[in-house]
Amino acid sequence: MPPSSASPSSSPSSAGDAGRRAGAQAGRSAQELHRRLEPVARVGFVVSGLLHVLIGALAVRIALGGSGGSGGSGSADSSGALAEVAGTPFGGLALWTAVVALAALGLWQLLDGALQARAREAGEAAKGLGKGVVYLVLAGTALTFARGGSSSSESSTDDVTATLMGSPGGALLVGAVGLAVLGGGGYLVYKGCSRKVADDLAGSGPSGRARGAALWAGRAGYVAKGLALVVVGVLFLVAAVRNDPSRAGGLDAAMRTLVGAPFGVALLLAVGVGFALYGVWCFVRARWGEL
């Protein structure tokens, strides 16, 4: 009796075709969700802008000798900014809006990274995925405040650093984190000093003097944020070299380190104003940004 031949539907080529069709369908679904999330993602830029303005105000307060804010945290970082929002009359509503908008922006960035990966754009994919994680973490912090809790970015940084230190090769891992943050901060400073800031805007952005003012705010904001991240990276490197997790720190620690440096008050004032200008740039991106 002759052996039965395999049916066409079970052949390797048919299975491969089905896999490609499923992959294409998944890609189309991701693109559609990516498109639908864009309006809410733009609100996420508004929220990010507000937080940067508040962080800038807290940094200026530290430079002028103050320490606390109306929310009670006084930290010149996202936790301090969210605590300020929580202390306002409509803080609860604002925080829940921030949760939804930041989560949508984070998911939008993750989808963007995944789509870039499908297009074999490794650099853009890594950037999108990294930004997505950052915004989702920020959404989680906002959720903590919206539910009536509190959070400290600095204690979280210490905990993560201590955990890394306790693992095999921990000092090297902390040093690698420091180098990565240092590199990211350096890139932001470079971007602020170059013409790349304009790449954030779509072709239909503001024109004339308004465009010039927006670009100036973006450049100053990128330089200020980059400088603060450079200090954060240095703090991680110091923690790695001295094998001391308490030496590491987040944005608030970087701000307080700056104020203790030569001409630190003037430098921190400039950084605080720069963060506020970056917030303005986020507002511009919410309206005209190239998403």
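See the structure printed just above.
Analysis parameters
Residues numbered from 1 in each chain as written. Predicted model: local features only at pLDDT ≥ 70, side-chain atom pairs only at ≥ 80, totals over all residues. Heavy atoms only, no water. Helix = DSSP H or I, 4+ residues; strand = E, 2+ residues; numbered from the N terminus. Buried < 20%, exposed > 50% of the residue type's maximum accessible area, 1.4 Å probe, protein only. Contact = heavy atoms within 4.5 Å. Areas by Shrake-Rupley, 256 points an atom, 1.4 Å probe, with all protein chains shown as cover. Axes fitted to C-alpha atoms, helices over the stretch in contact; angles between N-to-C directions. Parallel < 35°, antiparallel > 145°, perpendicular 65-115°, else oblique. Left-handed = near helix turned anticlockwise from the far one by under 90°. Phe/Tyr/Trp six-rings, centres within 6.5 Å; stacked < 30°, edge-to-face > 60°. Salt bridge = Lys/Arg side-chain N within 4 Å of Asp/Glu carboxyl O. Patch = residues over 30% accessible without salt bridge, like charges linked within 9 Å, V, L, I, M, F, W, Y side chains within 5 Å. Nonpolar A, V, L, I, M, F, W, Y, C, P; charged D, E, K, R; others polar. Expected span 1.5 Å × (residues − 1).

Novice: Please provide a residue-by-residue account of the overall build of the protein chain, values included.
Specialist: Counting secondary structure elements, the protein chain contains 9 helices and 0 strands. Walking the protein chain from its N terminus toward its C terminus, one meets helices and strands in the order α-α-α-α-α-α-α-α-α. Relative to its full complement of 291 residues, the protein chain shows a buried share of 41%. Nonlocal contacts in the protein chain, meaning residues at least 24 apart in sequence, comprise 71% of its contacts between residues at least 6 apart. Per element, the accessible surface of the protein chain, about 14,800 Å² overall, is 64% carbon and sulfur.

Novice: Tell me about the packing of helix α7 (residues 208–242) against helix α9 (residues 264–288), and please be specific about residues and values.
Specialist: Where α7 meets α9, the closest approach of the two axes is 7 Å, and the angle between their N-to-C directions is 130 degrees. Classed by the angle they form, the pair α7 and α9 counts as oblique. Remark: the crossing between α7 and α9 carries left-handed chirality. Here Ala214, Leu215, Trp216, Ala217, Gly218, Ala220, Gly221, Tyr222, Ala224, Lys225, Leu227 and Ala228 of α7 come into contact with α9, specifically with Leu267, Val271, Gly274, Phe275, Leu277, Tyr278, Val280, Trp281, Val284 and Arg285.

Novice: Account for the packing of aromatic side chains, naming residues and giving values.
Specialist: Counted under the stated rule, the structure contains 2 aromatic pairs. On the basis of an interplanar angle of 45 degrees and a centroid distance of 6.2 Å, the ring pair of Tyr187 and Tyr190 is categorised as tilted. Note that Tyr187 and Tyr190 are positioned in helix α6 (residues 170–193) at a spacing of 3 residues, about one turn of the helix. Taking the relative accessible area as the measure of exposure, Tyr187 reaches 35% and is therefore partly exposed. With a centroid separation of 5.3 Å and an interplanar angle of 85 degrees, the aromatic rings of Tyr222 and Tyr278 are classed as edge-to-face. Of this pair, Tyr222 sits in helix α7 while Tyr278 sits in helix α9, and the two are 56 residues apart along the sequence. The exposure class assigned to Tyr222 is buried, which follows from its relative accessible area of 4%. On the basis of relative accessibility, which here comes to 8%, the residue Tyr278 falls in the buried class.

Novice: Before we move on, could you go through the pattern of salt bridges and cite the residues and values that matter?
Specialist: In this structure the tally under the stated criterion is 5 salt bridges. Here Arg285 makes a salt bridge to Asp200, at a shortest N to O gap of 4.0 Å. Note that Arg285 is positioned in helix α9 and Asp200 in the loop between α6 and α7, a separation of 85 residues in sequence. Asp200 gets classed as buried once you look at its relative accessible area, which sits at 8%. Among the salt bridges present, the one from Arg256 reaches Asp252, with a minimum N-O distance of 3.0 Å. Separated by 4 residues within a single helix, Arg256 and Asp252 lie in helix α8 (residues 251–259), roughly one turn from each other.

Novice: Residues and numbers for unusual backbone geometry, please.
Specialist: The phi angle at Asn243 is positive, at roughly 55 degrees, despite the residue not being glycine. Using a relative accessible area of 52% as the deciding quantity, one classes Asn243 as exposed. A positive phi angle is found at Phe263, which is not glycine, with a value near 55 degrees. For Phe263, the position within the fold is in the loop between α8 and α9. Judged by its relative accessible area of 75%, Phe263 is exposed.

Novice: Which residues make up a nonpolar patch on the surface, and what values go with them?
Specialist: On the surface, Val43, Val46, Leu50, Val280 and Phe283 cluster together to form a nonpolar patch covering roughly 360 Å² of accessible area. Examining the composition of the nonpolar patch, we find that 3 residues originate from one element, helix α1 (residues 12–63), more than from any other. Relative to the helices and strands, Phe283 is located in helix α9.

Novice: Please set out the packing of α6 against α7 residue by residue, giving values where relevant.
Specialist: Interhelical geometry of α6 versus α7 gives an angle of 165 degrees and a closest axis separation of 7 Å. Judged on the interaxial angle alone, α7 and α6 are roughly antiparallel. At the point where α6 passes α7, the crossing takes the left-handed sense. Here the contact of α6 with α7 is composed, by residue class, of 20 nonpolar, 7 polar and 3 charged.

Novice: Break down α6 for me, citing the residues and quoting the values.
Specialist: Under the 1.5 Å per step criterion, the end-to-end length of α6 is 35 Å for 24 residues, consistent within 8% with the ideal 34 Å. Looking at α6, one finds that the buried residues are Gly170, Val174, Gly175, Gly178, Gly185, Leu188, Lys191 and Gly192.

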